[in-house]
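The residues making up each chain are set out below.
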Amino acid sequence: MSEKERLTRRDFMSIAMWAIGGVIGAAFGIPAVAYIIGPAARKQEDQGWIRLGAASKVELGSPTLFKSKIEKQTGWITNEEELSVYVLTENGRNFTAMSNICTHLGCRVRWIADQEQFFCPCHNAAFAKNGDVVSGPPPRPLDQYQVKEEDGQLFVLGG
Amino acid sequence: MITKIANWFDERVGWKAVWETIFLRKIPKVNWLYTLGSATLFTAVNQAVTGILLTIYYVPTPDHAYDSVQYITTQIPMGWLIRGLHHWGASAMVILTVLHMLRVILLGAYKYPREVTWFTGVFLLLVVVGFGFTGYLLPWDQKAYWGSSVGTRIAGSTPVVGDWILRVMRGGPDLSAITLVRFFGVHVWVLPASLILLLGIHMYLVIKIGISAVPKREEE
Ligand code: HEM
Ligand code: FES
């Protein structure tokens, strides 16, 4: 080894110090990242089938609003939240269940019966009876839930 | 490339001179006892990092404190580690601070011209103990509640002004929500600010005066 390339004691200590510092930094940094993003990386818990109410309440050909309470766990707090679902049926046998959350930026839409449209007050969006966008900024039709009817009761699959 | 950027900054900021005075300063030939101050400093950084992380979930109110702490340790990834580091680091910091002070006493390092370094050290010790005392209540479990209940009552046993001290510490006659929030405020704002200020002076003096050498016999 030439004189120039020799690792001096000083250089060795300096490298060792940076290396140890790097290890300590990683030992704090990596757990810290996991700790911070933890709740965001968590999968949303399944709500299962949520009971809406009697299927007979749905008016033929007109979206009917159902509200039901669901329990949501956020952090260490369990909250009661209201789930609002519009149910539509044309024949009393096949049901469509639509979320009342606007697909634009999440305001709540409302069925205006005499205009036969859902209306979102936030940025003047209008959706057709089946949830398709009629006008305004929303990028896609209203979201739909999976529905089932059992013993005259309607259920949607929450998730 | 890196040297180029480093030089670019050095020309404008002059960081190399700062780096040299802090890390490349000359020190006398000393022994491992002289690392106790740095070890204490390391635990201080540990407490700051893990403490900041704890505040992103911890809630200092009687109805959430306990649950949020349980949530950190059982639900958040690495939460047990972060809380554990803060919990055990607290004890380590008190022990190391005292050992560092003993080294300063036993090797006579508090003497001229280092009296002011010593004075700031005395207040640093109080700050460290204050951290321990206020932090103890925050988990709001039985141990925390009764520990702080007793602790504030001890302060309350001071002659004449005792009752008044107890009321100020608790924010009223009883240990309550008010006590919890004020302990929290002191723990995360008042004490850290004092620590930074005092440590700044302490370290400035250590560097400016230079550390003392190991005492020697006259003849040597
Ligand atoms: C938060 C707690 C403290 C920290 C982080 C801290 C840090 C330091 C550091 C890094 C040094 C350099 C020399 C060495 O490591 O021994 C030092 C020196 C010194 N410390 Fe502290 N210290 C603390 C508390 C105290 C206390 C409680 C006292 C005494 C009451 C004290 C008195 C001194 C004195 C007199 C020196 C100069 C020693 C010399 O020049 O040889 N410090 N401190
Ligand atoms: S949120 Fe509904 S239109 Fe913007």
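Sequence order as written defines residue numbering, which begins from 1 separately in each chain. Here the convention is simple: chains get letters from A, ligands get numbers from 1, in the order in which they are written. Two thresholds apply to this predicted model, a pLDDT of at least 70 for residue-level local features and 80 or more for giving and counting side-chain atom pairs, whereas whole-chain, interface and lining totals are computed over all residues. Hydrogens and waters are ignored; side-chain quantities use all the structure's heavy atoms.

Trainee: Any chance you could explain the overall build of chain A here in plain terms?
Mentor: In this description a helix means any DSSP run of H or I spanning at least four residues, a strand means any run of E spanning at least two, and both kinds are numbered starting from the N terminus. Looking only at helices and strands, one finds 1 helix and 11 strands in chain A. Taken from N to C terminus, the helices and strands of chain A fall in the order α-β-β-β-β-β-β-β-β-β-β-β. We call a residue buried when its accessible area falls under 20% of the maximum for its residue type, exposed when it is over 50%, and partly exposed in between, using a 1.4 Å probe and counting protein chains only. Expressed as a percentage of its 159 residues, the buried residues of chain A come to 28%. Here a residue-residue contact requires only that any non-hydrogen atoms of the pair lie within 4.5 Å. Pairs at least 24 apart in sequence give 46% of the contacts found in chain A among residues at least 6 apart. For chain A, the separation between the mean place of its 17 positive charges and that of its 18 negative charges on side chains is 8 Å. Charge assignment: positive for Lys and Arg, negative for Asp and Glu; neither His nor the chain ends contribute. Here the site of a charge means atom NZ of a Lys, CZ of an Arg, CG of an Asp or CD of a Glu.

Trainee: Would you mind going over the site of ligand 1 with me for this structure?
Mentor: Residue and element names in this part refer to chain B. Being near a molecule or strand, for a residue, comes down to having at least one heavy atom within 4 Å of it. Around ligand 1 sit 25 residues in total, of which Tyr-34, His-100, Arg-103, His-202 and Ser-212 are the nearest. In this structure, an oxygen atom belonging to ligand 1 sits 2.4 Å away from a side-chain N or O atom of Arg-103. In this structure, an oxygen atom belonging to ligand 1 sits 2.7 Å away from a side-chain N or O atom of Ser-212. Those elements giving two or more residues to the shell around ligand 1 turn out to be helix H3 (36–55), helix H5 (79–106), helix H6 (115–137) and helix H9 (177–209). Polar contact is defined as a pair of N or O atoms within 3.5 Å, subject to the rule that within protein one atom must be able to donate a hydrogen and the other to accept it, and that residues adjacent in sequence are counted only when both atoms are side-chain atoms.

Trainee: Honestly, the coordination of the iron atom of ligand 1 in this entry has me stumped. Any pointers?
Mentor: When four donors bind a metal tetrahedrally, each ideal donor-metal-donor angle is 109.5 degrees, and when six bind octahedrally, the ideal angles are 90 or 180 degrees. Residues and elements named next belong to chain B. For the iron atom of ligand 1, the protein coordination sphere consists of His-100 (NE2) and His-202 (NE2), at 2.0 to 2.1 Å. Counted as donors are N, O and S atoms no farther than 2.8 Å from the metal, or 3.2 Å for Na, K and Ca; water is not among the atoms, and sites may therefore look incomplete. Sites are called tetrahedral only when four donors show all angles between 85 and 135 degrees, square planar or octahedral only when four or six donors show opposite pairs over 155 degrees and all other angles between 65 and 115, and irregular in any remaining case. Coordination at the iron atom of ligand 1 is octahedral: its 6 donor atoms span angles of 86 to 180° at the metal. In this pair, His-100 is assigned in helix H5 and His-202 in helix H9, connecting sequence segments 102 residues apart. Both residues of the pair, His-100 and His-202, count as buried.

Trainee: Is there a simple way to think about the packing of helix H4 (residues 65–74) of chain B against H5(B) in this case?
Mentor: Two packed helices can be described by the angle between their axes and the distance between those axes. Residues and elements named next belong to chain B. Here an axis means a line fitted to C-alpha atoms, over the contact stretch when the element is a helix, while the angle between two N-to-C directions is reported on a 0 to 180 degree scale. Two numbers describe how H4 lies on H5: the axes approach to 6 Å, and their chain directions differ by 115°. Compared by their axis directions, H4 and H5 come out roughly perpendicular. Contacts between H4 and H5 involve Val-69, Ile-72 and Thr-73 from the first element and Gly-79, Trp-80 and Arg-83 from the second. A breakdown of the residues in the contact of H4 with H5 according to their chemical character gives 3 nonpolar, 2 polar and 1 charged. The cut-offs work like this: below 35 degrees is roughly parallel, past 145 is roughly antiparallel, 65 to 115 is roughly perpendicular, and the gaps in between are oblique. Residues are grouped as follows: Ala, Val, Leu, Ile, Met, Phe, Trp, Tyr, Cys and Pro are nonpolar; Asp, Glu, Lys and Arg are charged; all remaining types, including Gly, are polar.

Trainee: What's the story with the nonpolar core in this structure? I'm lost.
Mentor: The nonpolar side chains of a soluble globular protein tend to be buried, and buried together. Side-chain atoms within 4.5 Å link the members of a nonpolar core, which is a set of buried Ala, Val, Leu, Ile, Met, Phe, Trp, Tyr and Cys residues. With 19 residues, the main nonpolar core has A:Tyr35, B:Tyr57, B:Tyr58, B:Ile72, B:Leu137, B:Leu138 and B:Leu180 as its most contacted residues. Sorting the residues of this core by element identifies helix H1 (9–41) of chain A together with H3, H4 and H9 of chain B as the ones contributing at least two each. It is H4(B) that contributes the most residues to this core, 4 residues altogether. With residues near it in sequence (within four places) discarded, B:Leu180 still touches B:Tyr58, B:Pro60, B:Thr61, B:Pro62, B:Ala65, B:Leu137, B:Leu138 and B:Trp140. By size, the runner-up hydrophobic cluster in this structure holds 14 residues, among which are A:Phe66, A:Leu83, A:Val85 and A:Tyr145.

Trainee: I'm lost on unusual backbone geometry in this one. Help?
Mentor: Most of the time, phi is negative for any residue but glycine, and the peptide bond is trans. In this structure, B:Pro113 follows B:Tyr112 across a cis peptide bond, with omega equal to 0°. Residue position: B:Pro113 is located in the loop between H5 and H6. If you check the backbone angles, A:Asn124 has positive phi at about 55° while not being a glycine. Note that A:Asn124 resides in the loop between strand S6 (117–120) and strand S7 (125–127). Overall, A:Asn124 belongs to the exposed group, its relative accessible area being 53%. At A:Asp151, a position not held by glycine, the phi torsion is positive, near 50°. With respect to the helices and strands, the residue A:Asp151 is situated in the loop between strand S10 (147–150) and strand S11 (153–158).

Trainee: Just checking my understanding: could you explain the confidence of the model for chain B for this structure?
Mentor: Mean pLDDT over chain B stands at 96; residues scoring 70 or higher make up 99%. Taken together, the chains of this predicted complex give a pTM of 0.87 and an interface ipTM of 0.90. Confidence of the prediction at every residue is given by pLDDT, a number between 0 and 100.

Trainee: For this particular structure, what's the right way to read the interface of chain B and chain A?
Mentor: Accessible area lost when the parts come together is the quantity often used to give the size of an interface. Taken residue by residue, the interface counts 24 residues in chain B and 15 residues in chain A. Note on chain B versus chain A: buried area summed over both sides is about 1600 Å², and carbon and sulfur give 75% of it. The term salt bridge refers to a side-chain nitrogen of Lys or Arg lying within 4 Å of a carboxyl oxygen of Asp or Glu. Connecting chain B to chain A are 0 salt bridges. Put simply, chain B and chain A have 5 residue pairs in polar contact (both at pLDDT 80 or more) between them. Going through the elements one at a time, H3, H4 and H5 of chain B are the ones with two or more residues in the side of chain B that touches chain A. The residue makeup of the side of chain B that touches chain A, split by class, is 17 nonpolar, 6 polar and 1 charged. Accessible surface is computed with a 1.4 Å probe, and the buried area is the amount of it that two parts give up when combined, taken over both parts together.

Trainee: Looking at this structure, how should I read the pattern of salt bridges?
Mentor: Two side chains carrying opposite charge are able to pair once their charged atoms lie near each other. By the definition in use, this model includes 7 salt bridges over all chains. A:Glu90 is the partner of A:Lys129 in a salt bridge, and the nearest nitrogen-oxygen pair spans 3.8 Å. Of this pair, A:Lys129 sits in the loop between S7 and strand S8 (133–135) while A:Glu90 is found in the loop between strand S3 (77–89) and strand S4 (95–99), placing the two residues 39 residues apart along the sequence. Close ionic contact of B:Arg12 with B:Glu11 constitutes a salt bridge, the shortest N to O distance being 3.9 Å. Assigned by exposure class, B:Arg12 and B:Glu11 land together as exposed.

Trainee: Explain the state of the cysteines here, please?
Mentor: A covalent bond between the sulfur atoms of two cysteines is referred to as a disulfide. Residues and elements named next belong to chain A. The rule for a disulfide is simple: a pair of cysteine sulfur atoms within 2.5 Å. In total, this model carries 1 disulfide over all chains according to the counting rule given. Disulfide partner of Cys-107: Cys-122, at an S-S distance of 1.9 Å. Sign of the S-S torsion, about -95° for the bond between Cys-107 and Cys-122, identifies this disulfide as left-handed. With a gap of 15 residues between them, Cys-107 in the loop between S4 and strand S5 (110–112) and Cys-122 in the loop between S6 and S7 connect regions that are remote in the sequence.

Trainee: Quick question: what am I supposed to make of the pairing of S6(A) here?
Mentor: Residues in a regular strand point their side chains to alternate faces of the sheet. All names here are of chain A. Alternating positions in S6 separate cleanly, Phe-118 and Cys-120 being buried on one face and Gln-117 and Phe-119 remaining unburied on the opposite face. Two strands are counted as paired when DSSP detects at least two bridges linking them. Alignment of S5 against S6, held across 3 bridges, turns out to be antiparallel. Within the sheet, the bridge partner assigned to Ile-112 lies in S6 and is Gln-117. The pairing of S6 with S7 spans 3 bridges and is classified as antiparallel. By the bridge assignment, Cys-120 is partnered in S7 with Ala-125.

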